[in-house]
Amino acid sequence: IEKILQYRQLTKLKSTYVDGLLTVMDTDTQKIYSTFHQTITATGRISSTEPNLQNIPIRLELGRELRKVFIPTDENYCFLDGDYSQIELRVLAHIAQDKTLIEAFCNNQDIHSLTASQVFHVPFEEVTPLQRRNAKAVNFGIIYGIGAFSLSQDLNITRKEAEKYIAGYFAKYPNIKAYMDKTVQYAEKNGYVETLFHRRRAMPELQAKTFAQRSFGERVAMNMPIQGTAADIIKIAMIQVHKKLQQASLRARLILQVHDELLLEVHKDDAKQ
């Protein structure tokens with residue numbers, strides 16, 4: 001089975017990225033121009049197609065090698081990458097007005113270690129790398145409305161343990177639980193949820209006949225205001241960055257957006273600024 005999985009990974013890398021990138025490359029400029037859409041994802045995230053440049057592989061050593069095919073225009077330019085640190089968790093802290101989370105972000109505390117310390121009842125300084133990793137899965141899982149079953153699979157633990165983690169999380173961050181419940185109730189009553197910038201997503205899933213569809217709808221209702229607000233913020237940032245670059249007459253341009261990060265091509269002399 002391992003060989004079959006390896007074969008599948010290699011054929012995907014070859015068809016999607018080696019052959020695929022060559023077919024979409026502009027023959028005159030030797031450049032690749034992706035298409036960005038604002039209306040494909042339900043949360044409002046920008047998505048990239050033909051080719052999807054938001055999904056260039058990084059986990060496999062070979063995938064990382066493939067990233068080397070992307071190079072600046074010439075030797076005077078470099079790539080500059082900036083991203084928002086844990087933007088969705090920050091948005092969650094704000095929307096839910098959870099004091100513990102807000103305080104942690106204001107004090108630049110490591111949020112995953114804090115959650116580990118809270119959920120596993122250990123002093124902050126004594127959190128192990130494994131506990132932090134598990135807490136990270138819980139932190140991000142909660143944003144996506146994860147259930148005990150999914151969490152148990154992600155962390156390779158029993159369902160009972162996963163239930164305990166989630167219960168421990170909500171006990172330490174009560175406002176988040178209140179936000180989740182309130183949002184689902186709002187969506188059921190009004191038929192939509194919205195971001196902090198009042199961009200809406202209709203929620204017909206909550207009226208579905210099947211339990212699975214309704215459960216999916218509840219998870220979406222909890223997640224959309226968070227992920228959607230993060231998407232709004234990065235779009236506003238893109239406009240502001242673009243204007244700033246022009247105002248300051250910097251030799252730089254925005255070339256890619258990957259959800260919470262921006263990639264620019266910048267003249268080396270302007271990179272520091």
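Here we summarise the structure given alongside this text. (Residues numbered from 1 in each chain as written. Predicted model: local features only at pLDDT ≥ 70, side-chain atom pairs only at ≥ 80, totals over all residues. Heavy atoms only, no water.)

**Things to note about the side chain of aspartate 98**
Reasoning step 1: Relative to the helices and strands, aspartate 98 is located in the loop between α3 (87–96) and α4 (99–106).
Reasoning step 2: Here aspartate 98 sits buried without a salt bridge, and the closest side chain of opposite charge, lysine 99, lies 8.9 Å off (N-O distance).
Reasoning step 3: Once you skip the residues sitting within four places of it in the chain, aspartate 98 turns out to touch Ala93, Tyr173, Pro174, Asn175 and Ile176. (Helix = DSSP H or I, 4+ residues; strand = E, 2+ residues; numbered from the N terminus. Buried < 20%, exposed > 50% of the residue type's maximum accessible area, 1.4 Å probe, protein only. Lys, Arg positive; Asp, Glu negative; His and termini not counted. Salt bridge = Lys/Arg side-chain N within 4 Å of Asp/Glu carboxyl O. Contact = heavy atoms within 4.5 Å.)

**Things to note about the environment of histidine 37**
Reasoning step 1: Mapped onto the elements, histidine 37 comes out in strand β1 (residues 35–37).
Reasoning step 2: Sequence separation of histidine 37 and methionine 203 is 166 residues, and the distance between their C-alpha atoms is 21 Å.
Reasoning step 3: In contact with histidine 37, not counting residues within four places along its chain, are Arg45, Ile46, Ser47 and Thr49.
Reasoning step 4: Polar side-chain contacts of histidine 37 include one of 2.7 Å to the side chain of threonine 49. (Polar contact = N/O pair within 3.5 Å; in protein donor to acceptor, adjacent residues only side chain to side chain.)

**Quick notes on the pairing of strand β6 (residues 252–258)**
The side chains of a regular strand alternate, residue by residue, between the two faces of the sheet.
Reasoning step 1: Looking at chain direction, β6 and strand β7 (residues 261–267) are connected through six bridges and run antiparallel. If you follow valine 258 over to β7, its bridge partner there is glutamate 261.
Reasoning step 2: Hairpin connection of β6 to β7: two residues between the antiparallel strands, including histidine 259 at a positive phi of 60°. (Pairing = 2+ DSSP bridges.)

**Concerning the environment of proline 204**
Reasoning step 1: Looking at the secondary structure, you find proline 204 in the loop between β5 (200–202) and α10 (211–247).
Reasoning step 2: With a relative accessible area of 54%, proline 204 lands in the exposed category.
Reasoning step 3: Note: C-alpha distance between proline 204 and glutamate 188 (16 residues apart in sequence) is 9.0 Å.

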